[in-house]
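Residue-level listing of the chains:
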Amino acid sequence: MTSIATRILATSPVSTGQRPSRITVALALAPSLAYLVAHATAGATVAMVAASVAAAAAILVGRRNGRRLGVLVPAQLVYLALRTLLGVVTGSDLLYFGSGLALSALVALVVGATAFTPVPAAVHLIPLVTPYRHLGPTHHRYRRVAAHVTAAWATAELATIVLEAHHLLRVGGAGFVQGRMTVAQPAMFVFVGLLISYVRARLDHVESHLAQRHQAG
């Protein structure tokens, strides 16, 4: 996962809509902190390696905490390795971060397009944060809510990428990371929380109704 929102979700323990834990916040911020510390002490090249190592560690810790993302985990690690190689070989943190933004934009476009299909991407993500026992993708309300969440996430992600790309070109790698930590990541934490709240507001009462029908049957 290259985007802010998906990285937050990937490092979050399965929940029923509670606020992100301290561990979740720490894992999401670890790559940025590692980059800034290494950049200040050893330069941009070491900083890129440190950030990638921290990101890989966060992915693996999130995996151990119960996040089951299948092929996405090795795909993330391969991507991090290629991205780091690109940054180290060229010595350019603009390419290092720019490649991440480009891939994030591509992912957002592909994922956003699924909002208009019978199986929106959020169908597979909702169970990770708000698992339901009786309500699932076969229910029309569930699919509709998943489509809304998918479209909202893609729109927010693309808007964030455009702003981050502009910021990266203006201030360089260190300024970009500082902006991501202080503005983009906190905003996306709030946004993910709002999406979870929206899902629960639309689906919890449906789940309760189905549970009652199941008990009566």
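Owing to the predicted nature of the structure, the values given are computational and were not obtained by experimental measurement.

With that out of the way, let us pick up the overall build of the protein chain. Across its full length, the protein chain carries seven helices and zero strands. Along the protein chain, from the amino end to the carboxyl end, the secondary structure elements read α-α-α-α-α-α-α. Taking contacts inside the protein chain between residues at least 6 apart in sequence as the whole, the part at least 24 apart equals 74%. Per element, the accessible surface of the protein chain, about 11300 Å² overall, is 68% carbon and sulfur.

So, about the confidence of the model for the protein chain. Reading fine detail from the predicted coordinates is not recommended where pLDDT is low. When pLDDT is averaged along the protein chain, the result is 84, and 83% of the positions lie at 70 or above. Taken together, the stretch residues 8-19 has pLDDT below 50 and engages in 34 contacts with residues farther than four places along the chain or on a different chain.

This part takes up the side chain of Ser52. Its place among the elements puts Ser52 in helix 3 (residues 44-64). At 2.7 Å, the side chain of Ser52 forms a polar contact with the side chain of Tyr96. When residues no more than four places from it in sequence are discounted, the contact partners of Ser52 are Leu80, Thr84 and Tyr96.

Turning our eyes to something else, we now look at the pattern of salt bridges. Counted according to the given criterion, the structure contains two salt bridges. The partner of Arg180 in a salt bridge is Glu164, and the shortest N-O contact between them spans 2.8 Å. You'll find Arg180 and Glu164 in the same group, each marked buried. The salt bridge involving Arg200 is made with Asp204; its shortest N-O contact spans 2.9 Å. Pair noted here: Arg200 and Asp204 are both in helix 7 (residues 140-216), with a separation of four residues, about one helical turn.

The subject of this paragraph is the packing of aromatic side chains. A full pass over the atoms with the stated rule returns three aromatic pairs. Between the aromatic rings of Tyr96 and Phe97, the centroid separation amounts to 4.9 Å while the plane-to-plane angle is 80°, which identifies the pairing as edge-to-face. An identical accessibility class is assigned to Tyr96 and Phe97; each is buried. Joined through ring pairs, the aromatic side chains of Tyr35, Tyr96, Phe97 and Phe176 make up one cluster. Sitting above the plane of the Tyr96 ring, Arg83 keeps its charged end 4.2 Å from the centroid.

With that settled, consider the packing of helix 5 (residues 93-113) against helix 7. Two elements in contact, helix 5 and helix 7, have axes separated by 9 Å at closest approach and are oriented at 175°. In terms of orientation, helix 5 lies roughly antiparallel with respect to helix 7. Class assignment of the residues belonging to the contact of helix 5 with helix 7 gives a composition of 16 nonpolar, six polar and four charged.

Thresholds, definitions, all that
- Residues numbered from 1 in each chain as written.
- Predicted model: local features only at pLDDT ≥ 70, side-chain atom pairs only at ≥ 80, totals over all residues.
- Heavy atoms only, no water.
- Helix = DSSP H or I, 4+ residues; strand = E, 2+ residues; numbered from the N terminus.
- Contact = heavy atoms within 4.5 Å.
- Areas by Shrake-Rupley, 256 points an atom, 1.4 Å probe, with all protein chains shown as cover.
- pLDDT = per-residue confidence, 0-100.
- Polar contact = N/O pair within 3.5 Å; in protein donor to acceptor, adjacent residues only side chain to side chain.
- Salt bridge = Lys/Arg side-chain N within 4 Å of Asp/Glu carboxyl O.
- Buried < 20%, exposed > 50% of the residue type's maximum accessible area, 1.4 Å probe, protein only.
- Phe/Tyr/Trp six-rings, centres within 6.5 Å; stacked < 30°, edge-to-face > 60°.
- Lys NZ or Arg CZ within 6 Å of the ring centre and 35° of its normal.
- Axes fitted to C-alpha atoms, helices over the stretch in contact; angles between N-to-C directions.
- Parallel < 35°, antiparallel > 145°, perpendicular 65-115°, else oblique.
- Nonpolar A, V, L, I, M, F, W, Y, C, P; charged D, E, K, R; others polar.

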